[in-house]
Amino acid sequence: MADGIPKSKWERGACVGKTATGLGAKALAYLSRKPFLTHEKRAQARKSLDQESAALLFRSLGMLRGAALKAAQFLSLETDLLPPEITQELGKACHQAPPINRALARKIVGTALGRPPEELFASFDGVAFAAASLGQVHRAVARDGQVLAVKLQYPGIRETIESDIRLLRAAAWTLPDHRLLDPVFEEIQARLLEEVDYRREMENMAFFREGLAPDPVIIPACRPEFCADTVLAAQYLDGMPLTDWLDTGPGQQQRDRVAQTIQDIFVSGLYRLHGIHADPNPGNFLVRRDLSVGLVDFGCVKHFDPQFVELYGRLAATALHGGKNDYLSLLAGFQGDCPQASPDITQRLIEELQATGAWIARLYRQETFDFRDNPDFIPAGKRRMAAAFKMRQYMNVNPHFIFLHRTRYGLLRLFERMGARVGFRNPYEYRP
Amino acid sequence: MKISEDRKRENRGRIIRSAVDAMTEKGVKGATMREIARAAELGDATIYNYFPTKEAIIHAYYEDLLADCAERVKAIPDFADYDLREQLQAFFDTLLEAFLPDREFVANTFGTMAFSLTADYQLLRPLRARFFRVVADMFEGAVAAGEIPEQAFQELTCQCFWDYFIGMVHYWIHDRSEHFQNTTVLIDKSLDLAMGFIRADILNKAMDMASFFFRNHIMSRLDMFRDRMDALQVKKPSVGGRRGRRHSEK
């Protein structure tokens, strides 16, 4: 069974069980050696344990595919918080859903929309052109001639999400900081369930399409008559995925312009619409010939309440010239309702926030921030994220804040990869 | 009075339809031939010109449906480009889709139809033959396209898929998931496995293995048997000899 996916929960369980046993054995081996190792050797042994654990964990993920793999993809967004050995393995796992063949694609369309594709569309390409969240995207032409991108969801995937995450949790116990990963897993599950909700995605697409209209961004229009719980059809956008476009070696100015557009989309979304496209995967940005940017895949979208956005807008100004009291009021705002922390914990939190503020402030010090001149910026951010992650045990951070920050950080990494110069000063955040 | 072929076909179709309705409501036992005839607007006796028993009507339903589905898959655009796995999957999905409006009827009758013994077996045979033809066509196409190795025991492969089909329908009858998606997924995954077997030429190899065992064991048994026969034949004269001796002793 070369490319078979274990299908029943029992089989999947057996698969993860094997992995967990493997991980456990490795951890035991490490623990038994630990007392006899010097400090340095101990670090080394721990590292090799991480490496082996990661390899084992993701070998089993490769077998599960489906929801577990998507979860891995999300985990890889958190990758800077995980050991680099695990990050590497995760990188390999990105963007693979169970394959849907032509017969199954036809069946999915027929079940969801009531009629087979050949009756609905002028043409329907049974072979997918892109992978999507837990499904894949097919090209089709509507009867009126419009070219469409039709996203199909693998049947029954929604039902496997919960059990997959539970299994993944069981398998992850030997990973460093596995207790801290608990909320991460919960969030991943919530997001996965959102991602398979195509109706919600359709609403989000319409929301952003309407709200971001004047910007140089193209958001495909949905065709509701071809949409259902497991099928989502929208206008097909031509353009190159960002990574492919970068491979063609665009000039500095072109890269700057595209990066600026992406940053502007983020700012407009956050401050005008109080919502963001929260999946800064380079595959979701399509660069078009006129350097406008197409934005696709609205499976992961976050809406914020206006007070939160207002508060977040003050972060940059506070970072640039705020005192301790400003930070205190920010902290109060970003913290969820939880019992008052002890003074020294509060002090530590403030220090953390100040350090994060100082890091963010660097973006606003000049008119444009040149990522090539600041090679240490992202590594510093990585350290900040890791520290902030550890602080989660002391405070109940507003989940919106974590979400927003993660997306933001994802975008910054993208800009760094582009080697772009981006202006971050905007009227919502920057008050000279 | 002679009636035209068209008219005959129409009546046959009407009988099947009204039988499906009657059996859906009252079960196979509860529905009577008379009732079915009346619902089809035919004379109480006329119905027997078409079908001798209710079971014959049930088999006719499945046979028609199979024929219809064989045509329907061929009408799928670029079906000819599909690989064997996709063709089979499309065929099974189409069958289940065709069963869907009569799901209750299928749940009532499929088991008795597929496992009918002795008396009704002659009814089942044309049905199976039709199914085998469809599957065999797909396999021959795939062999011609070089997709899979030559199937030495095509009959056996067809038989496997027939059993698979019966299993799938039973699973589908008991499937309570939304849109019966569990069945869809099961078909998708299990065909993966089946194709793995076929590509790896398992069946042929198994048969090779079987024939190897057959040759080795049966032949060696035969040899042993022959030895014994020889021994007997050798003994025979000696028996006679003994007797002879006895005679001579007397």
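Residues numbered from 1 in each chain as written. Chains lettered and ligands numbered in written order. Predicted model: local features only at pLDDT ≥ 70, side-chain atom pairs only at ≥ 80, totals over all residues.

## So, the overall build of chain B
Inference 1: Of the regular secondary structure elements, chain B holds 10 helices and zero strands.
Inference 2: In chain B, the order of α-helices and β-strands from amino to carboxyl end is α-α-α-α-α-α-α-α-α-α.
Inference 3: The long-range fraction of contacts in chain B, counting pairs at least 24 apart against all pairs at least 6 apart in sequence, stands at 64%. (Helix = DSSP H or I, 4+ residues; strand = E, 2+ residues; numbered from the N terminus. Contact = placed C-beta atoms within 7 Å.)

## A few points about the overall build of chain A
Inference 1: A count of helical and extended segments in chain A gives 16 helices and 13 strands.
Inference 2: In chain A, once contacts between residues fewer than 6 apart in sequence are set aside, the share between residues at least 24 apart is 70%.

## Observations concerning the environment of R199 of chain B
Inference 1: Looking at the secondary structure, you find R199 of chain B in helix α9 (residues 181-199).
Inference 2: Spatially, the C-alpha atoms of R199 of chain B and I16 of chain B are 40 Å apart, while their sequence positions differ by 183 residues.

## Looking at the interface of chain A and chain B
Inference 1: Contacts between chain A and chain B engage 17 residues on the former and 20 residues on the latter.
Inference 2: Grouping the constituent residues of the side of chain A that touches chain B by class yields six nonpolar, five polar and six charged. (Nonpolar A, V, L, I, M, F, W, Y, C, P; charged D, E, K, R; others polar.)

## Quick notes on the pairing of strand β3 (residues 135-141) of chain A
Residues and elements named next belong to chain A.
Inference 1: Of all seven residues in β3, five are buried, a share of seventy percent or more.
Inference 2: Two strands pair when backbone bridges link them, and strand β2 (residues 130-132) and β3 are joined in this way by three bridges, in the antiparallel orientation. Its bridge partner lying in β3, A132 is registered against G135.
Inference 3: Pairing geometry for β3 and strand β4 (residues 147-153), over seven bridges, is antiparallel. By the bridge assignment, V141 is partnered in β4 with V147. (Buried ≥ 20, exposed ≤ 12 C-beta atoms within 10 Å, placed from the backbone. Pairing = 2+ DSSP bridges.)

## What about the packing of helix α12 (residues 306-321) of chain A against helix α14 (residues 343-361) of chain A?
All names here are of chain A.
Inference 1: Where α12 meets α14, the closest approach of the two axes is 8 Å, and the angle between their N-to-C directions is 95 degrees. Regarding the angle of α12 to α14, the classification is roughly perpendicular. Contacts from L315, A316, T318, A319 and L320 of α12 reach α14 at G357, A358, I360 and A361.
Inference 2: Tallied by class, residues from the contact of α12 with α14 come to seven nonpolar, two polar and no charged. (Axes fitted to C-alpha atoms, helices over the stretch in contact; angles between N-to-C directions. Parallel < 35°, antiparallel > 145°, perpendicular 65-115°, else oblique.)

## Overview of the pairing of β4 of chain A
Residue and element names in this part refer to chain A.
Inference 1: β4 sits mainly inside the fold: five of its seven residues count as buried.
Inference 2: Taking the residues that link successive antiparallel strands as the turn, the β3-β4 hairpin has five residues, and the phi of G145 there is positive, at about 95 degrees.
Inference 3: In the sheet, β4 pairs with strand β6 (residues 231-235) via five bridges, with the strands oriented antiparallel. Each bridged residue has a counterpart across the sheet, and for K151 the counterpart in β6 is L232.

## So, the domain arrangement of chain A
Inference 1: Partitioning chain A into domains gives domain 1 (9-93 + 159-194), domain 2 (102-157 + 213-234) and domain 3 (304-422).
Inference 2: Inter-centroid distance (C-alpha atoms) of domain 2 of chain A to domain 3 of chain A is 39 Å. (Domains from an automatic or database assignment.)

## Concerning the sheet that holds strand β5 (residues 217-218) of chain A
All names here are of chain A.
Inference 1: Pairing within the open sheet is mixed, and its four strands lie in the order β5-β10-β9-β7. For this open sheet the edge positions go to β5 and β7 (240-241), each flanked by a neighbour on one side alone.
Inference 2: The pairing of strand β9 (residues 285-287) with strand β10 (residues 293-295) spans three bridges and is classified as antiparallel. Directly across from L286, in β10, lies its bridge partner G294.
Inference 3: Sheet strands in contact with helix α11 (residues 252-273) are β5, β9 and β10, and its direction is about 40 degrees off that of β10.

## Notes on α12 of chain A
Residues and elements named next belong to chain A.
Inference 1: For α12, built from 16 residues, the straight-helix expectation of 22 Å at 1.5 Å per residue is met to within 8% by its first-to-last C-alpha distance of 24 Å.
Inference 2: Along α12, the largest kink reaches about 25 degrees and is centred on L315.
Inference 3: Looking at the buried residues of α12, the elements they touch are α11, α13 (324-334), α14 and α16 (399-418). (Expected span 1.5 Å × (residues − 1). Bend = angle between axes of the 7 residues up to and from the residue.)

## Some remarks on the environment of S190 of chain B
Residues and elements named next belong to chain B.
Inference 1: Positionally, S190 belongs in helix α9.
Inference 2: Among the residues examined, S190 registers 18 C-beta atoms within 10 Å and is labelled partly exposed.
Inference 3: Considering only alpha carbons, one finds S190 and Y164, 26 residues apart in sequence, at a separation of 9.5 Å.

## Things to note about helix α6 (residues 103-114) of chain B
All names here are of chain B.
Inference 1: With 12 residues, α6 should reach 16 Å at 1.5 Å per residue; the first-to-last C-alpha distance of 16 Å fits that figure.
Inference 2: Residues of α6 that are buried include every one of F105, V106, N108, T109 and M113, and no others. The arc that holds every buried residue of α6, seen down its axis, measures 170 degrees, which confines them to one face. (Arc of directions from axis to C-beta.)

## Side note on the packing of helix α4 (residues 54-74) of chain B against helix α5 (residues 84-99) of chain B
All names here are of chain B.
Inference 1: One can describe the packing of α4 onto α5 by two numbers: an axis separation of 9 Å at closest approach and a directional angle of 130 degrees. The orientation of α4 relative to α5 falls into the category oblique. Both α4 and α5 take part in a crossing whose hand is right-handed. Side by side, α4 and α5 meet where L65, D68, C69, R72 and V73 of the first sit next to A90, F91, T94, L95 and A98 of the second.
Inference 2: Class assignment of the residues belonging to the contact of α4 with α5 gives a composition of seven nonpolar, one polar and two charged. (Left-handed = near helix turned anticlockwise from the far one by under 90°.)

## Digging into the environment of D326 of chain A
Inference 1: Within the fold, D326 of chain A resides in helix α13.
Inference 2: When the C-alpha atoms of D326 of chain A and R200 of chain A are compared, they prove to be 37 Å apart, with 126 residues separating the residues in sequence.

## Thoughts on the confidence of the model for chain B
All names here are of chain B.
Inference 1: Across chain B, the average pLDDT comes to 84, with 85% of residues at or above 70.
Inference 2: In the model, residues 238-250 has pLDDT below 50 throughout and makes zero contacts with residues more than four positions away in sequence or in other chains.
Inference 3: Predicted complex, confidence summary: ipTM 0.74, pTM 0.74. (pLDDT = per-residue confidence, 0-100.)

## Section: unusual backbone geometry
Inference 1: Within the chain, L291 of chain A stands out as a residue other than glycine whose phi angle is a positive 70 degrees.
Inference 2: As for its placement among the helices and strands, L291 of chain A is situated in the loop between β9 and β10.
Inference 3: A positive phi angle, close to 60 degrees, is found at E41 of chain B, a residue other than glycine.
Inference 4: Take E41 of chain B: it is sitting in the loop between α2 (33-39) and α3 (47-50).

## Focus: the nonpolar core
Inference 1: With 132 residues, the main nonpolar core has V231 and V293 of chain A together with A19 of chain B as its most contacted residues.
Inference 2: With eight residues, the single largest contributor to this core is α4 of chain B.
Inference 3: In this view, V293 of chain A contacts P216, V217, V258, T261, I262, I265, F285, L286 and V287 of chain A; residues no more than four positions away in its chain are not counted. (Core = buried A, V, L, I, M, F, W, Y, C linked by C-beta atoms within 7 Å.)

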